[in-house]
Structure formats: structure tokens, C-alpha cells
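Each chain is listed here by its residues.
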Amino acid sequence: MEKQNLKGWLYLLPAFLFLGAFMIYPLIDVFVYSFEEGYNSASQTFFGTGLYNYSYVLHDPYFLQAVKNTFILVVITVPLSTGLALLISLALSSIKPLRELFQTVYFLPYVTNTLAVGLVFMILFKKTAYSDGLVNLLLLRFGQGPVDFIDGPYWAKMFVLCFYTIWVVMPFKILILTSALASVDRVYYNAARVDGTSRFRIFTKITLPMISPMVFYLIITGFIGAFKAYSDAVALFGTNLNAAQMNTIVGYVYDMLYGDSGGYPSYASAAAVILFAIVLTITCINLLVSRKHVHYT
Amino acid sequence: MKITLEHVTKKFPGRGRKRHEEVTAVSGFDFEFPDGKLVGLLGPSGCGKSTTLNLICGLIRPTEGRIRFGNDDVTELAPEHRGVGMVFQNYALYPHLTVKKNIMFPLENLKGEQKLSRAGMEERALEAARLVQIEPLMDRRPGELSGGQQQRVAIARALVKMPRVLLLDEPLSNLDARLRLQTREEIRRIQKQTGITTVFVTHDQDEAMSISDLIVVMKDGVVQQTGRPQDVYDDPVNLFVAQFLGTPPINVFRGSVRQGQLCIGDAPVLPIQGVPDQEVIAGIRPEGFVPDGSGPLCCKLDRVEVMGRDISVISSHECCQAPALRSIIHSELCVDLNSDTVRFSLKPDKVFLFQSKTQERIRFEAAGTQ
Ligand SMILES: Nc1ncnc2c1ncn2[C@@H]1O[C@H](COP(=O)(O)OP(=O)(O)OP(=O)(O)O)[C@@H](O)[C@H]1O
Ligand SMILES: [Mg+2]
């Protein structure tokens, strides 16, 4: 028995070494950095330890702006994208002809490059001296003034960011949900129909509980993904996100490390740890809620 | 309420390489299921029993023909409006709901005047659970039940809304022998009590014979024979029906009719009238053999099994299609166990003749009975 155990651990050793070197050690390092005050990456020295880095980050208006942006992004895009994806998957699974075609069309955004798509969005929404952009042309049709969605007011920029994020994450969710819907055994629908169940009740009482593990998976990964958003904002608004008021928490971390005003691994680490704490809390809440509403069979 | 099927046919489109060949699951089904009776739908696997049931409940539409409930034509009516209760072959219990919620599910769908209060629903659910004896399991999920328990939950769920028609698709196939016997009596009792027109699908002829008012025997989508179980057993229209009904099954011999005698091998075993000379298939029920020292049918004795009141004599005969010939005789009639052979005479009303090609019944009059 003992020997068996030892053998098992031996087999796991390479994986452990690898994980330790490339995941666990850096993780611990981030925590350590976040408590070292005045760390200098060139000389690898620091003055002392304490909570100063956290205090600095939490009082930095750029960080607060980034937190606000991230939360707005999460709160708007996660429910909207999941809900829309569910509606589209339901529609897809109820049509027979051309279903494959539509599935492909809906999946295309997933395989296109984020930055390229961002550029297209920018062209659609941007207002320049020469042109108003396609979206503004449409708005003008309805008698609304031109709005610069890329360099204009905050809400307009936030709208584009949310729109873009939803557009980018939807294909994956549709893919997951259509296959989840397809895996529900038809016999349950038959039984429900014979028992005179309305379509709405079939959806809420049978379909939804049966695909709940997948919906839950999408919500969790959706939250985590949205909290880690960064490249989407860069694709739309360029690299100077602080100036555009469109920074996210991960963007802030990046700027603190490598941005024009960067070179502060301690502040970056503190911000990263704060992000970690937020994601952990939200995920725990999700798990608690799911206990009641997610049915694994 | 009576259910009438008028020449109902269901064809499924072929798939893949056989795209152009339609599958005919049910063909020209004509029958009236009388009001308040229990009808057993009987046939081997794949003969279209489940398809017939799905046609009655409306989950599939017939390719041809009409279906009537009472005087209403329901052919085009969706299943949710037909008011039938159904027990599916694989139960179809909702895995995420408890037994109690499963049973209450149909009640929660009721609308308008039929709508019940919460307490009323729970009362009805408990009543249904009591009928099938599953009250202690009300808070479990289907995944935590045995097959037999799941089946009983499914029966309770089908009964709870007091449907006009109850459809049961092999409801007993997962029960052990004792529970199966008990549950089938239970179904019979509930059906009598409620007077719900019931269609009971099974491939077990014993089950169908014992509880049905009428049986319908199907083969390859075609109804072979309908009638009271005893009548069908005593007067099958073809070899298939004769072989399908009865345990132990009927014994089938190659034989011939020659000059007013049924011959098995070379021995004339039974005088018959009104049949021209020809090759025939002879089916003899196990209870049609009478041990008789001077009987005309001589078989090689294999062994004897005592089954309480009766004895089962297992022997063999070169003309018998099965290697073992089973006959059941009363225990007071004795057989010489030390002999290698056993001789039988035959009861004429337990002997059926069939055409050797079409396997249709050839009717005859036993000589000497007139
Ligand atoms: N949806 C379908 N598409 C094509 N063929 C089908 C379909 N459903 C059933 N069939 C065919 O119709 C025939 C009858 O099937 P059915 O399920 O009614 O048989 P059954 O008598 O209930 O058999 P069992 O006792 O095994 O349940 C079978 O040959 C089956 O392959
Ligand atoms: Mg079946």
C-alpha cells in the first residue's frame, strides 16, 4: 500500500515540478511583491514590508476608474450575452432547415482575430473629420446627432465596449448551449406534452433545469473572463486607456508594469491580488447560488 | 370513452443509405377500443406497439387513417389537448424533480375550472402514490430509485390527473416476477375501479392474457387477430398467433393430411374431416396430449418435471420443429418413467392445422365428434 502511494507520487512529480515552477512560484511571488514597499526591479531591493502598495492602488483614481469600468462591463455583458445566447440557441434548435448554416454563421466571430474585429468596430463607430462612420450615418437617419463612440462621451465608449464584448463572447456560448439543448432527451418533452404542459412551463421546468450545469459553467467563466478583460478595450481605444477613461483592472496591472508610466511591479502585484480577491468572492457567491438552482444528474 | 382507429398507417422516412425505403411501423390498424375496457396490445419486439401508442396519444401523426376518441376526431389534435395519461417504456421521469413533484407535475398544468389548490394537489398526489405503494419514497429523486420503483412512480404520474385514456407501454418489464404479478393485479384493480379506457402494451403474452378484456396481437405492424384472450388462444387464425400465445408454447410438427387422417411422420394420429390431402403444419397445445399406452403418437421420453398439480413431460419427436416437445398432463395420469418412449393420444380441439406455405389456419371437423 505504502509503496503504491510512493509510486503514485513519483508519477506525479514531473507535473508538480512544472506547475510549481511556472504557476505556484509566480503566484506566491505576486503576493510577496504586493507587500514589499518601494521595490526596485533593477537592483532588486526594497525598503520594507507593509500595506502601502494596497493603500496607494486603492487611492489611485486610475485604479478606481478601472474597477468601475470592469464592474460595469461584467454586470452588463455577462447576463446579456448569456441570455441572448440562450435565446439564439433555442431558436437554432427549433428550426430544422439551414440549422447548420446558421450555426456556422454564429460561430464565425469566435475564430476571427479579436484585434481585427476591434478595428472593424472602430471603423463602424468612429467619427472623424472626413466621415461619421456607419453607425452615425444610421443614427442621423433617425434624426439623432452624430456621437463619437470612440473618442466621445464616456457612456458612448462604454456602450461600444459592452457591445463588442458581447459580440465576441456570444459564439462560444451559443455553441455550448446548442449542444446542451440537443443533449436533452426528447422523451422528457414527450412526457411533458402528453401531460398538457405549456411551452413556457416546459422551458422553465424541464429545459432550463436540464441544461443548468452548462448555463452555470457559462456564467462562471463569463464572470471570470469579463473581470480579466483587457485586449477588447485596447482593440477599440488604443493603448493609452487611462487617458480614454476606459481602462480595466488587468489593463491597470499591465500599465503599472510596462506602460509609459510603468515600472512598478509592487503596485501591479497589489492590483492583481485585489482582482484575485474580487474574482474569488464572486465565484464563491456563484457556487453558493448554484447549489440551489443547478441540477446535476 | 372508446377509442377508434380507422385504417391507421404510420410510415417513417428511411435514413442514410436506405433513404428511399420507408419503414412501415403500423399498417392499416382498424380497431375499436371499447369504453372502460383494458386492451392488451401484444406482439414481438419491433412490431409497432409503441408506435401505435404514440399515435393514440398524439406524439406522432398517422400517415393515413383517422383516430377518434368517442365521437371526436382527434387525428389532428396535439397531445396536450387529448387528455391521455401515458407510462413510457423508459419511464421518462424528470430526473431533477423529486418523486412528489414528478407526480404533481401533470396537476400543476391544469388550468381554469380544473385547477386545484396546493393542498388539493398534494392530496391527489399522495392518493396516487398510495395506489402504487410508493409513499415512503416521495422525497427521493428518480435516480435514487430502483427500476421497479421508477416504474410505479411513472404509473402514479399517469394516473394522477384521472385521464380519459390510460396508455401503458410495457409498464412491468423491469419488475421482478413477484412484483410484476402484484403490480399487474394492481393495474387491473385500478382500471376496474376508475373505469378508464386502458391500452396496455406488452410482449409478454402471459401478462396480456391474464389482465386484458381484449387482446390485439400484432406482427410487423399488422394486426393479426383481436378478441377475448381465451377466444384467441382457443382459435388462432394463423401459426404466428398460435405460437405467440401460451406458455409453454404450442408444439409445432411437420405433418400431412392423407385420406381423412392427420399423419405425423408415417403414423396417422387424428381422424379429421373436410380437409383435402396436402402437406400441413400441425400445432398441438401442451395440454392437448393425453398419455395413453395405445395412443398413436409415439415420442422419445426425455424427462418428467412435476409442477405441483400438473406434470410436464418433456420428450422429442423427429417431426417436431423444436428439439423438446412439452406436454402438460394431470398428475393422476401416470407415465412410465422407466420406458424409453411415451405414447399419446390427442385432444382434437387442441390441435390446429396450418397451411405449410401461408401458415394460415386450416379449419377441420374432428371425425367422430359429430
Ligand atoms: N422514429 C422512427 N423512425 C424510423 N423508424 C422507426 C421510428 N420509430 C420506430 N421505428 C420503427 O418502427 C418499428 C416499430 O417500432 P416500435 O417502437 O413501435 O416497436 P415496439 O413494438 O414498441 O417494440 P418494442 O417491444 O421493442 O418496444 C420498428 O421497426 C422501428 O425500427
Ligand atoms: Mg416499444
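For chain B, the count of helices and strands is eight helices and 22 strands. Each of the three principal axes of chain B carries a C-alpha extent, and together these read 75 × 45 × 45 Å. The 370 residues of chain B split such that 51% are buried. For chain B, the proportion of contacts with a sequence separation of at least 24, taken over those separated by at least 6, is 65%. Computing the positive centroid from 47 side-chain charges and the negative centroid from 47, chain B places the two 6 Å apart.

Before going further, it helps to examine the pattern of salt bridges. Residues and elements named next belong to chain B. Under the defined criterion, the tally for this structure stands at 21 salt bridges over all chains. Where Glu 186 meets Arg 189, a salt bridge forms, and the shortest distance between an N and an O atom there is 3.3 Å. Here Arg 189 and Glu 186 lie together in helix α5 (residues 177-194), a separation of three residues that amounts to about one turn. Given the relative accessible area of 36%, Arg 189 is considered partly exposed. Through salt bridges with shared partners, a single ionic network connects Glu 6, Arg 66, Arg 68 and Asp 73.

Next up on the list: the site of ligand 1. Residues and elements named next belong to chain B. In the neighbourhood of ligand 1, the contacting residues comprise Phe 12, Ala 25, Ser 45, Gly 46, Cys 47, Gly 48, Lys 49, Ser 50, Thr 51, Gln 89 and Glu 170. Contacts to ligand 1 include Lys 49, whose backbone N or O atom sits 2.8 Å from an oxygen atom. Expressed as a share of its isolated accessible area of 630 Å², the protein-covered part of ligand 1 is 63%. Considering every element that reaches the shell around ligand 1, the biggest residue donor is helix α1 (residues 49-57), with three residues. Its residues assigned to classes, the shell around ligand 1 comprises three nonpolar, six polar and two charged.

Residues and elements named next belong to chain B. One can describe the packing of helix α2 (residues 99-108) onto helix α4 (residues 147-159) by two numbers: an axis separation of 7 Å at closest approach and a directional angle of 30 degrees. On the basis of the axis angle, α2 is roughly parallel to α4. Where α2 crosses over α4, the handedness of that crossing is right-handed. Facing Val 99, Asn 102, Ile 103 and Pro 106 of α2, the residues of α4 in contact are Val 153, Ala 156 and Arg 157.

The next thing to look at is the interface of chain B and chain A. Taken together, the 20 residues of chain B in the interface contact 17 residues of chain A. For the pair chain B and chain A, the summed buried surface comes to about 1,900 Å²; carbon and sulfur atoms form 60% of the total. Residue Glu 108 of chain B is joined to Arg 201 of chain A by a salt bridge in which the shortest nitrogen-to-oxygen separation is 3.1 Å. Inspection of the region where chain B meets chain A yields 10 residue pairs in polar contact (both at pLDDT 80 or more). When residues of the side of chain B that touches chain A are traced back to their parent elements, those giving at least two are β6 (84-87) and α2 of chain B. Take the side of chain B that touches chain A: its biggest share by element is three residues, from α2 of chain B.

In this section: the coordination of the magnesium ion (ligand 2). Residue and element names in this part refer to chain B. Here the magnesium ion (ligand 2) is held by Ser 50 (OG) and Gln 89 (OE1), and the distances to it run 1.8 to 2.4 Å. Of this pair, Ser 50 sits in helix α1 while Gln 89 sits in the loop between β6 and α2, placing them 39 residues apart in sequence. Relative accessible area serves as the criterion here: at 37%, Gln 89 is assigned to the partly exposed category.

Pairing between the strands of a sheet comes from backbone hydrogen bonds, and it takes one of two forms, parallel or antiparallel. All names here are of chain B. Sheet architecture is open: five strands sit in the order β15-β19-β16-β17-β18, paired in antiparallel fashion. With partners counted over all chains shown, the strands left at the sheet margins are β15 (289-291) and β18 (325-330), one partner each. On average, adjacent strands in this sheet sit at an angle of 50 degrees to one another, irrespective of strand direction. Here strand β16 (residues 297-307) runs beside strand β17 (residues 310-316); their pairing, made up of seven bridges, is antiparallel. Residue pairing for β17: Arg 303 is matched across the bridge by Ile 314.

Let us now look at the packing of aromatic side chains. Taken as a whole and judged by the stated rule, the model has 29 aromatic pairs over all chains. For the pair Phe 125 of chain A and Phe 159 of chain A, a centre-to-centre distance of 6.5 Å together with 75 degrees between the ring planes defines the contact as edge-to-face. Pair noted here: Phe 125 of chain A is in helix α5 (residues 114-125) and Phe 159 of chain A is in helix α7 (residues 154-182), with a separation of 34 residues, a long-range link. When its relative accessible area of 5% is taken as the criterion, Phe 125 of chain A is described as buried. Each ring, one from Phe 240 of chain B and one from Phe 244 of chain B, has its centre 5.5 Å from the other, and the planes form 20 degrees; the classification is stacked. With Phe 240 of chain B and Phe 244 of chain B both in helix α8 (residues 239-244), this residue pair falls four residues apart, about one helical turn. A single burial state applies to Phe 240 of chain B and to Phe 244 of chain B, both of which are buried. Grouped by ring-pair contacts, the aromatic residues Phe 121, Phe 125, Phe 149, Phe 159, Phe 163, Tyr 164 and Trp 167 of chain A constitute a single cluster. A cation sits over an aromatic face here: Arg 285 of chain B above Tyr 233 of chain B, 3.9 Å from the ring centre.

Once that is clear, we can look at α4 of chain B. Residues and elements named next belong to chain B. The terminal C-alpha atoms of α4, which comprises 13 residues, lie 19 Å apart, in line with the 18 Å expected from a rise of 1.5 Å per residue. Counting buried positions along α4 gives 11 out of 13 residues, so the element sits mostly inside the fold. Regarding α4, the residues found buried are Gly 148, Gln 150, Gln 151, Arg 152, Val 153, Ala 154, Ile 155, Ala 156, Arg 157, Ala 158 and Leu 159.

Another aspect to go through is the sheet that holds strand β13 (residues 267-273) of chain B. Residue and element names in this part refer to chain B. Read across the open sheet, the seven strands follow the order β21-β20-β14-β11-β12-β13-β22; overall the sheet is antiparallel. Every interior strand has two partners, whereas the edge strands, β21 (361-362) and β22 (365-366), have only one. With five bridges joining them, strand β14 (residues 278-284) and strand β20 (residues 351-355) adopt antiparallel strand pairing. Counterpart to Ala 282 in the pairing with β20 is Leu 353.

Quick look at helix α12 (residues 249-258) of chain A now. Residues Ile 249, Gly 251, Tyr 252, Val 253, Asp 255 and Met 256 of chain A constitute the buried set of α12 of chain A. Here the buried face of α12 of chain A lies against α2 (52-59), α3 (61-94), α11 (241-244) and α13 (265-293) of chain A.

Attention shifts here to the domain arrangement of chain B. Residues and elements named next belong to chain B. When the domains of chain B are assigned, the result is domain 1 (3-244) and domain 2 (251-366). Computed over C-alpha atoms only, the centres of domain 1 and domain 2 are separated by 38 Å. Note on domain 1 versus domain 2: buried area summed over both sides is about 970 Å², and carbon and sulfur give 46% of it. The closest approach of N and O atoms between Asp 235 and Arg 363, which form a salt bridge, is 2.7 Å. Going through the elements one at a time, α7 (229-234) and α8 are the ones with two or more residues in the side of domain 1 that touches domain 2. At three residues, the largest contribution of residues to the side of domain 1 that touches domain 2 is made by α8.

Residue and element names in this part refer to chain B. For Val 257, the location among the structural elements is in strand β11 (residues 251-258). Accessibility expressed as a relative area gives 1% for Val 257, which makes it buried. As a C-alpha pair, Val 257 and Glu 279 span 22 residues in sequence and 6.4 Å in three-dimensional space. Those residues in contact with Val 257, other than ones at most four positions away along the chain, are Ile 272, Val 275, Pro 276, Asp 277, Gln 278, Val 280 and Leu 353.

So, how was this worked out
- Position labels on residues start from 1 in each chain and follow its written sequence.
- To read the labels, note that chains go from A and ligands from 1, taken in the order they are written.
- Confidence filtering applies because this is a predicted model: local features only for residues at pLDDT of at least 70, side-chain atom pairs given and counted only at 80 or more, and all residues used for totals across whole chains, interfaces and linings.
- Only hydrogens and water are set aside; all other atoms, that is, all heavy atoms of the structure, feed into the side-chain values.
- Think of it this way: any DSSP run of H or I at least four residues long counts as a helix, any run of E at least two long counts as a strand, and we number them from the N terminus.
- Each residue is assigned to one of three classes by its accessible area relative to the maximum for its type, calculated with a 1.4 Å probe on protein chains only: buried under 20%, partly exposed between the two thresholds, exposed over 50%.
- Between two residues, a contact is recorded if the distance between any of their heavy atoms is within 4.5 Å.
- For this count, His and the chain ends are skipped, Lys and Arg are scored as positive, and Asp and Glu as negative.
- Where a charge lies is defined by one atom per residue type, namely NZ (Lys), CZ (Arg), CG (Asp) and CD (Glu).
- Throughout this description, the term salt bridge denotes a Lys or Arg side-chain nitrogen within 4 Å of a carboxyl oxygen of Asp or Glu.
- The cutoff for a nearby residue is simple: one of its non-hydrogen atoms must lie within 4 Å of the molecule or strand.
- Distance and chemistry together define a polar contact, namely a pair of N or O atoms within 3.5 Å, with one atom able to donate a hydrogen and the other to accept it when in protein, and with adjacent residues in sequence counting only for side-chain atoms on both sides.
- Here the open area of atoms and residues is found with the Shrake-Rupley method and a 1.4 Å probe, where only the protein chains shown may cover a residue.
- As a working rule, the residues Ala, Val, Leu, Ile, Met, Phe, Trp, Tyr, Cys and Pro are called nonpolar, Asp, Glu, Lys and Arg charged, and the rest polar, with Gly in that last group.
- Between N-to-C directions, angles span 0 to 180 degrees; the directions come from axes that are lines fitted to C-alpha atoms, helices contributing only their stretch in contact.
- Oblique is the label for any angle not covered by the other classes, which are roughly parallel (under 35 degrees), roughly antiparallel (over 145) and roughly perpendicular (65 to 115).
- Crossing handedness is read from the near helix: turned anticlockwise from the far helix by less than a right angle, it gives a left-handed crossing, and turned clockwise, a right-handed one.
- Two parts placed together each lose some accessible area; with a 1.4 Å probe, that loss summed over both constitutes the buried area.
- Ligating atoms shown are N, O and S within 2.8 Å of the metal, or 3.2 Å for Na, K and Ca, and water is not included, meaning a site may look less than complete.
- A strand pair is defined by DSSP finding two or more bridges across the two strands.
- Pairing of aromatic rings covers Phe, Tyr and the six-membered ring of Trp, with a centre-to-centre limit of 6.5 Å; geometry is then stacked below 30 degrees between planes, edge-to-face above 60, and tilted otherwise.
- A positively charged side chain is recorded as over a ring if its NZ (Lys) or CZ (Arg) lies within 6 Å of the ring centre. The angle to the ring normal must also be within 35 degrees.
- The span one expects for a helix is its residue count, reduced by one, times 1.5 Å.
- Boundaries of every domain are those given by an automatic assignment or by a domain database.

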